[in-house]
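Chain by chain, the residues run as shown.
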Amino acid sequence: METYLSGIQPSGLLHIGNYFGAIRQHIQLQQEDGEHFYFIADYHALTSNREPEKLREFVFETAVTYLALGFEPEKACLFRQSDVPEVTEIAWLLASVTGMGLLERAHSFKDKVAQGVKPNVGLFTYPILMAADILAYDSTCVPVGKDQIQHVEMTQDMAGYFNQAYGEVFVRPEIRTPKAEKMQKVPGLDGQKMSKSYGNTIWIFEEGKALKKVINRVVTDSRPPEEPKDPEELFLFDLMALFCDEAEVNDWKDKVRAGGEGAPGYGHLKGVIRHGMEEYFASARERRKELMADRGEVERVLAAGAEKARARATEVRDRAAKASGLS
Ligand code: AMP
Ligand code: TRP
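Residues numbered from 1 in each chain as written. Chains lettered and ligands numbered in written order. Predicted model: local features only at pLDDT ≥ 70, side-chain atom pairs only at ≥ 80, totals over all residues. Heavy atoms only, no water.

1. Notes on the packing of helix α10 (residues 208–216) against helix α13 (residues 266–280)
This is how the line gets drawn: Note on definitions: angles span 0 to 180 degrees between N-to-C directions of axes, and those axes are lines fitted to C-alpha atoms, for helices only across the stretch in contact. The way it works is that DSSP assigns letters per residue, a run of H or I at least four long becomes a helix, a run of E at least two long becomes a strand, and they are numbered from the N terminus. When an angle is under 35 degrees it counts as roughly parallel; over 145 it counts as roughly antiparallel; between 65 and 115 it counts as roughly perpendicular; any other value is oblique. Left-handed describes a crossing whose near helix is turned anticlockwise from the far helix by less than a right angle; the clockwise case is right-handed. By definition, residues are in contact when any of their heavy atoms lie within 4.5 Å. Polar here means any residue outside two lists: the nonpolar Ala, Val, Leu, Ile, Met, Phe, Trp, Tyr, Cys and Pro, and the charged Asp, Glu, Lys and Arg; Gly therefore counts as polar.
Interhelical geometry of α10 versus α13 gives an angle of 135° and a closest axis separation of 10 Å. Here α13 runs oblique to α10, going by the angle between their axes. The interaxial crossing formed by α10 with α13 has right-handed handedness. Facing Gly208, Leu211, Lys212, Ile215 and Asn216 of α10, the residues of α13 in contact are Lys270, Ile273, Arg274, Met277 and Glu278. When the residues that make up the contact of α10 with α13 are grouped by side-chain class, the tally is four nonpolar, two polar and four charged.

Given below as structure tokens:
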């Protein structure tokens with residue numbers, strides 16, 4: 001039986017890149033037999049967040065987002081990372097068998113430093129806490145986006161170091177990435193990868209005028225509609241493909257390729273994306289509104305999730321502590 005586990009950082013309003021690259025897969029997987037643990041990585045968020053109120057609000061927002069998009073708490077466990085403090089103990093046990101070199105090779109750390117972030121120790125040891133998150137539940141399968149693959153590989157290494165020293169304590173997890181390549185790199189408004197740090201995101205629950213405004217910001221060029229164009233060069237169609245079926249997308253592509261009278265302008269194509277997206281998330285938006293008005297329900301889900309997760313992590317912590325000579 002598989003034990004699925006994944007985490008997501010509470011970084012504010014989640015965008016459609018987060019949805020297609022991570023959340024959707026998490027929600028679909030809960031239909032599979034096995035155990036499911038999904039958590040909101042608030043300890044990890046502390047490496048960059050200095051605003052306590054915001055952090056609490058982002059955690060809540062992330063929980064609401066999952067629940068609104070179809071997460072079923074009866075099937076899968078949704079919880080806050082910090083409700084299971086045992087993971088920090090496991091992280092210490094892992095840190096004690098892990099060489100500095102492994103962490104120094106982490107791309108995400110090197111990228112952040114290259115971007116000019118002044119790193120704290122927590123950011124450097126981030127992969128150790130992430131390994132503890134995974135190993136604490138005897139997870140066998142970790143669904144993540146491409147950008148997190150190296151972190152899970154490091155987890156496999158750390159489990160190996162520990163087991164080599166102390167015997168078979170941790171279960172080696174396998175990685176699962178989204179099947180469709182296009183889901184791994186949803187483009188943002190400017191055509192670069194959609195990312196909060198680039199300011200090019202589309203919020204999952206955006207609607208009405210605000211959605212229209214944001215979709216209008218999708219970058220195009222000044223060629224007129226009549227001019228025939230290669231649709232494969234237009235990332236607009238990558239966005240459209242998220243919400244419209246293949247036949248419809250191909251139909252629009254054919255029209256753009258042909259050009260001439262009756263070919264759609266960019267504004268028209270943006271309208272297609274907007275309608276597609278509004279419809280795609282319509283029921284989730286309604287559900288979100290209900291949940292925002294019932295904070296108690298969200299808190300109950302998180303508390304129940306934490307209880308179940310903590311019981312498992314405590315078992316694993318005890319096993320690892322005992323093996324390493326702690327009493
Ligand atoms: P972040 O908060 O940017 O670390 O994103 C959380 C997760 O969402 C990542 O691990 C990715 O799997 C996924 N993700 C973020 N941005 C995108 C994107 N533009 N396209 C596809 N997946 C994404
Ligand atoms: N690092 C992941 C991200 O930024 C979040 C995360 C933390 C995670 N712990 C995890 C993902 C454990 C999978 C498993 O997206």
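2. Digging into the side chain of serine 195
By secondary structure assignment, the location of serine 195 is in the loop between β5 (174–176) and α10. The residues contacting serine 195, other than those within four sequence positions of it, are His15, Asn200 and Thr201.

3. Re the site of ligand 1
To keep things clear, this is the line we draw: Neighbouring residues are identified by heavy atoms, a residue being near a molecule or strand if any of them is within 4 Å of it. Polar contacts, as used here, are pairs of N or O atoms within 3.5 Å; protein pairs need one atom able to donate a hydrogen and one able to accept it. Residues neighboring in sequence count only if both atoms are side-chain atoms. Under the convention used here, a 1.4 Å probe and the Shrake-Rupley method define accessible areas, while residue burial counts only the protein chains that appear.
In the region of ligand 1, 15 residues are neighbours, and Gly17, Asn18, Gly145, Val186 and Met194 sit closest. Measuring from a nitrogen atom of ligand 1, one finds a backbone N or O atom of glycine 17 at 3.0 Å. Aspartate 147 is positioned with one of its side-chain polar atoms (N or O) 3.2 Å from an oxygen atom of ligand 1. Calculation on ligand 1 without its partners gives an accessible area of 480 Å², and the protein chains cover 83% of this total. The residue makeup of the shell around ligand 1, split by class, is four nonpolar, eight polar and three charged.

4. Section: the domain arrangement of the chain
To keep things clear, this is the line we draw: The domain boundaries here were taken from an automatic or database domain assignment. The buried area of a pairing is the accessible area, by a 1.4 Å probe, that goes missing from both parts when the two are put together, added over both. Each salt bridge in this description consists of a side-chain nitrogen of Lys or Arg and a carboxyl oxygen of Asp or Glu lying within 4 Å of one another.
Domain boundaries assigned for the chain yield domain 1 (3–183 + 295–323) and domain 2 (206–280). Using C-alpha coordinates to define each centre, domain 1 is positioned 36 Å away from domain 2. The interface of domain 1 with domain 2 comprises six residues on the first partner and six residues on the second. The junction of domain 1 with domain 2 conceals about 460 Å² of combined surface from both sides, 78% of it contributed by carbon and sulfur atoms. Summed over the three residues of domain 1 that lose the most area to domain 2, namely Ile16, Phe20 and Lys182, the buried surface amounts to 80% of that side. If you look at where domain 1 meets domain 2, you find zero salt bridges.

5. Points about the site of ligand 2
Neighbouring residues of ligand 2: 13 residues in total, closest Gly7, Phe39, Tyr126, Asp133 and Gln148. Contact distances for ligand 2 include 2.8 Å between a nitrogen atom and a side-chain N or O atom of aspartate 133. A distance of 3.0 Å separates a nitrogen atom of ligand 2 from a polar atom in the side chain of glutamine 148. When ligand 2 is considered free in solution it has 370 Å² of accessible area, and contact with the protein chains removes 89% of it. Residue contributions to the shell around ligand 2 peak at four residues, all from helix α8 (residues 126–135). Tallied by class, residues from the shell around ligand 2 come to seven nonpolar, five polar and one charged.

6. What to know about helix α11 (residues 236–243)
Residues that lie three or four places apart on an α-helix share one face, since the helix turns once every 3.6 residues. How we decide: Accessibility here uses a 1.4 Å probe with only protein chains present; expressed as a share of the type maximum, an area under 20% marks a residue as buried, one over 50% as exposed, and anything in between as partly exposed.
With six of eight residues buried, α11 is to be regarded as a mostly interior element. All of the buried residues along α11 are Leu236, Phe237, Leu239, Met240, Leu242 and Phe243. Looking at the buried positions of α11, the neighbouring elements they touch are α1 (16–29), α12 (246–258) and α13.

7. Description of the state of the cysteines
Put plainly, a disulfide is one covalent bond tying together the sulfur atoms of two cysteines. Stated precisely, the cut-off is as follows: Pairs of cysteine sulfur atoms within 2.5 Å are identified as disulfides in what follows.
Across all of its chains, the model carries zero disulfides by this definition. Left unpaired, cysteine 77 is separated from the closest cysteine sulfur, that of cysteine 141, by 16 Å. Judged by relative accessible area, cysteine 77 falls into the buried class, the value being 5%. Look at cysteine 141 and you get buried, because its relative accessible area is 4%.

8. Focus: the layout of surface pockets
What counts is decided by this rule: Cavity means a closed set of points on a 1 Å grid over the protein atoms alone, one where a 1.4 Å probe fits but cannot get out, pocket means an open set with protein on both sides within 12 Å along at least 5 of 7 lines, and lining means a residue has an atom within 4 Å of a point. Grid points are joined across faces, edges and corners, and a volume is the space filled by probe spheres set on the points.
Taken as a whole, the second largest pocket spans an internal volume of roughly 270 Å³. Around the second largest pocket sit Phe20, Arg24, Gln25, Gln28, Leu29, Glu32, Arg176, Thr177, Pro178, Lys179, Ala180 and Met183, which together line it. If one sorts the elements of the lining of the second largest pocket by residue count, α1 sits on top with five residues. Within the lining of the second largest pocket, the residues separate by chemical class into five nonpolar, three polar and four charged.

9. With respect to the packing of aromatic side chains
Under the convention used in this document: Classification of ring pairs uses Phe, Tyr and Trp, with its six-membered ring standing for Trp, and accepts pairs whose centres are within 6.5 Å; under 30 degrees between planes counts as stacked, over 60 as edge-to-face, and the remaining range as tilted. Counting as a charge over the ring demands two things of the Lys NZ or Arg CZ atom: a distance within 6 Å of the ring centre and an angle within 35 degrees of the ring normal.
Enumeration over the complete set of coordinates arrives at 18 aromatic pairs. Arranged with centres 5.1 Å apart and planes meeting at 70°, the rings of phenylalanine 109 and phenylalanine 124 form a pair that is edge-to-face. On the criterion of sequence distance, the pair formed by phenylalanine 109 in helix α6 (residues 107–114) and phenylalanine 124 in helix α7 (residues 121–124) is long-range, its members being 15 residues apart. Residue phenylalanine 109 shares its accessibility class with phenylalanine 124, and that shared class is buried. Ring-pair connections join several aromatic residues into one group, and the members of that group are Tyr19, Phe20, Phe243, Tyr280 and Phe281. For the cation-ring pair, lysine 229 lies above tyrosine 266, with the distance from its terminal atom to the ring centre recorded as 5.4 Å. For the cation-ring pair, arginine 295 lies above phenylalanine 60, with the distance from its terminal atom to the ring centre recorded as 3.7 Å.

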